[in-house]
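# Structural characterization, general
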Amino acid sequence: MFIQKLSLFSLLFSTLLFSSIENLTLQNALERLKSDNLELKISRFTEHMKQYDIKTTKGLNYGKLDASIVGMRSNDAGNVFGFKLQSREATFGDFGFAEFDMSGNSNPLPVEPKALNYPKSHTYYQSKISYTVPLYTGGKLTEYEKITKAMHGMSQYDTRKLYNEKVFQTKKTFYDISLINNYINNLSKIIKNITKLENTVENMKDVGYAKDIDLLEVQTRKAEVVSMYNQANLNEDLAYQFLSFLLNYEVSSIKKINTMAKLPSISISKIESNNIDIQKANLGLEMAGMALNIEKSNYLPQVGAFAEYSSADNSLWNEFSEKDSYTVGVQVNLNLFNGGIDSANLEKAKVNHLKVQNQVLLAKKGIALKVKKLHTEILNNDLDIKNFKKQLKFAKSVYANYKERYKEGLSSISDVLIKQSKEVEVLLKLLTIQNTRNTNIFELKSLLNEGSM
């Protein structure tokens, strides 16, 4: 029975291990990408850690409460006397008064009291609670808290940018696979046409209308196209492997996309409000302002308070309330001079703030220029696609025409194969420019930060 259960478990495990997704749609792929992509998971962990940085910084405002228990034993004169004082156990005998001549017949001042200088070993226990809290830091802690929140926001932007990149890669891979599949189908048709041509040449050779070299040329050309066909299949397998890596799950087939990617609407305001790099630059400018405020706070006083409550005795927690003590206080620090370091750091922060302002401006102009460049390239791609489609249609017609002319003895087999090569060349150019157009559109959408995460 146990062996049967173990075998069943092994069967189920192996089924899950080697299972794969078939006919995966782009929408389902994007949903799986969002939840399962390993790089996105790592980035979200980074976000989560930044949240704890916020809590850590916020906690500094509430001060620090410590509890300590000290146990010691010593015969050092200073320690023993201090122990007894803190335990409220000191007597005049500890000063050596028992060794003085109290009659007044002799001078007690030169006497070295043995009880004070050579005390017996003494045990000491102290239990203490201490609390320190900042009252005023010139706004330093407030700015630190703002910076940690901004760093968390920056990590969220990083995750969003990474997500856009992975969406770009996923969509591109889907369209790449669809284009490669289209290319494979066309090559398959071309191979069939060459095979028909090969049969025609063989038949013509049998009746003396074709030569051996004609058949060899056709077979050589067929081998070239078959090699291209095999290479395309390998590229398709590689694309599936990359898609499986992105989704963190094995994908065996997708639902092909037969339409070209749509060109999104573009506006400058949309770019400046949505683009991740511009948003990160704006957040960086805010953080530079926070850093500047921190440097300004060095010219303001730092005020803190502290309180201690303790009790000491030669036995742990013995007569705790009878021998307790407390200390409270306030401390104010104000730096008056440190060699100009604060001044230099303040000026440096001001320059950095100006630098980041220009970086924001550069980001806006640079992204706008990149968007415009991509938009122009896409429009040119559309024109090229229309042109290559016409060329492909013409190349197919020319090949068909030369094939018939060869049957009638009006053209050589070399002419036929040249025209057939032209068809393959134009087809490859068409698919290449279609792939370039899709890449440009997906990159443009990534810059526009379209869609929700």
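Residues numbered from 1 in each chain as written. Predicted model: local features only at pLDDT ≥ 70, side-chain atom pairs only at ≥ 80, totals over all residues. Heavy atoms only, no water.

Take the overall build of the protein chain next. Of the regular secondary structure elements, the protein chain holds 11 helices and 4 strands. Against the 2.2 N^0.38 benchmark of 22 Å for 453 residues, the protein chain shows a C-alpha radius of gyration of 42 Å, more extended than a compact globule. Reported as C-alpha extents along the three principal axes, the dimensions of the protein chain are approximately 155 × 70 × 35 Å. Here the protein chain holds 453 residues, and 35% of them are scored as buried. Pairs at least 24 residues apart make up 84% of the contacts formed inside the protein chain by residues separated by at least 6 positions. Roughly 27300 Å² of accessible area belongs to the protein chain as shown, and the carbon and sulfur atoms make up 57% of that amount. (Helix = DSSP H or I, 4+ residues; strand = E, 2+ residues; numbered from the N terminus. Rg over C-alpha atoms; globule rule 2.2 N^0.38 Å. Buried < 20%, exposed > 50% of the residue type's maximum accessible area, 1.4 Å probe, protein only. Contact = heavy atoms within 4.5 Å. Areas by Shrake-Rupley, 256 points an atom, 1.4 Å probe, with all protein chains shown as cover.)

So, on to the confidence of the model for the protein chain. Mean pLDDT over the protein chain: 88, with 92% of residues reaching 70 or higher. The least confident element of the protein chain is helix α1 (residues 2-18), whose mean pLDDT is 43; the most confident is helix α9 (residues 276-297), at 96. Of the regions scoring below 50 in pLDDT, residues 1-18 engages in 0 contacts with residues more than four places distant in sequence or in other chains. (pLDDT = per-residue confidence, 0-100.)

A separate point is helix α2 (residues 26-36). When we look at burial in α2, the residues that qualify are A29, L30 and L33. Buried residues of α2 fall within an arc of 100 degrees about the axis and therefore sit on the same side. Summarising the contacts, the buried residues of α2 are in contact with α3 (38-59), α6 (140-206) and α7 (212-247). (Arc of directions from axis to C-beta.)

Looking now at unusual backbone geometry. Phi is positive for R88, which is not a glycine, with a value near 55 degrees. Considering the arrangement of structural elements, one finds R88 in the loop between α4 (77-86) and α5 (114-117). Although it is not a glycine, W317 adopts a positive phi angle of roughly 55 degrees. Of note, W317 is situated in the loop between β3 (302-313) and β4 (324-333). Since its relative accessible area comes to 53%, W317 is described here as exposed.

Time to look at the pattern of salt bridges. Applying the stated criterion to the full structure yields 20 salt bridges. With a closest N to O distance of 2.8 Å, K166 and E39 form a salt bridge. Placement of K166 in helix α6 and of E39 in helix α3 is noted, with a sequence separation of 127 residues between them. Because the salt bridges share partners, they merge into one network encompassing E89, D313, E319 and K323. (Salt bridge = Lys/Arg side-chain N within 4 Å of Asp/Glu carboxyl O.)

At a closest axis distance of 7 Å, the pairing of helix α10 (residues 341-407) and helix α11 (residues 413-448) adopts a crossing angle of 160 degrees. On the basis of the axis angle, α10 is roughly antiparallel to α11. In terms of crossing hand, the pair formed by α10 and α11 is left-handed. When grouped by side-chain class, the residues that make up the contact of α10 with α11 number 21 nonpolar, 6 polar and 14 charged. (Axes fitted to C-alpha atoms, helices over the stretch in contact; angles between N-to-C directions. Parallel < 35°, antiparallel > 145°, perpendicular 65-115°, else oblique. Left-handed = near helix turned anticlockwise from the far one by under 90°. Nonpolar A, V, L, I, M, F, W, Y, C, P; charged D, E, K, R; others polar.)

Moving on, we get to the domain arrangement of the protein chain. Taken domain by domain, the protein chain consists of domain 1 (26-60 + 139-299 + 340-448) and domain 2 (63-136 + 302-334). For domain 1 and domain 2, the distance between their C-alpha centroids amounts to 75 Å. Both sides of the domain 1 and domain 2 interface together cover about 320 Å² of buried area, and 38% of this is carbon and sulfur. Seen at the junction of domain 1 and domain 2, the total is 0 salt bridges. If you look at where domain 1 meets domain 2, you find 2 residue pairs in polar contact (both at pLDDT 80 or more). Class assignment for the residues of the side of domain 1 that touches domain 2 results in 3 nonpolar, 2 polar and 1 charged. (Domains from an automatic or database assignment. Buried area = accessible area lost by both parts, 1.4 Å probe. Polar contact = N/O pair within 3.5 Å; in protein donor to acceptor, adjacent residues only side chain to side chain.)

In this section: the UniProt feature "coiled-coil region" (unreviewed entry) in the protein chain. Residues given the UniProt feature "coiled-coil region" (unreviewed entry) here are residues 180-207. Across residues 180-207 one finds 96% helix and 0% strand; the C-alpha atoms that close the span lie 40 Å apart. (UniProt positions renumbered as here; feature names shortened; annotations may be inferred.)

Among the structural elements, V398 can be located in helix α10. Separated by 18 residues in sequence, V398 and V416 have C-alpha atoms that sit 8.9 Å apart.

One broad trend across soluble globular proteins is that nonpolar side chains are buried collectively. Membership of the largest hydrophobic core comes to 36 residues, with the highest contact counts inside it found for L24, L33, F174, L243, L247, V251 and I254. Looking at this core, the elements with two or more residues in it are α2, α6, α7, α9, α10 and α11. In terms of residue count, the dominant contributor to this core is α6 (7 residues). Once residues within four sequence positions are removed from consideration, L247 is found in contact with L24, A29, R32, L33 and D36. Listed in part, the 32 residues of the second largest apolar core include L197, V218, V424 and V426. (Core = buried A, V, L, I, M, F, W, Y, C linked by side-chain atoms within 4.5 Å.)

Scanning all chains against the criterion turns up 4 aromatic pairs. Judged by centre distance (6.4 Å) and plane angle (25 degrees), the ring pair of F242 and F245 falls under stacked. Taken together, the residues F242 and F245, both in helix α7 and 3 residues apart, mark about one turn of the helix. The cationic tip of R32 hangs over the ring face of Y249; the distance from NZ or CZ to the ring centre is 4.7 Å. Just above the ring of Y402 sits the side chain of K419; from NZ or CZ to the centre is 5.1 Å. (Phe/Tyr/Trp six-rings, centres within 6.5 Å; stacked < 30°, edge-to-face > 60°. Lys NZ or Arg CZ within 6 Å of the ring centre and 35° of its normal.)

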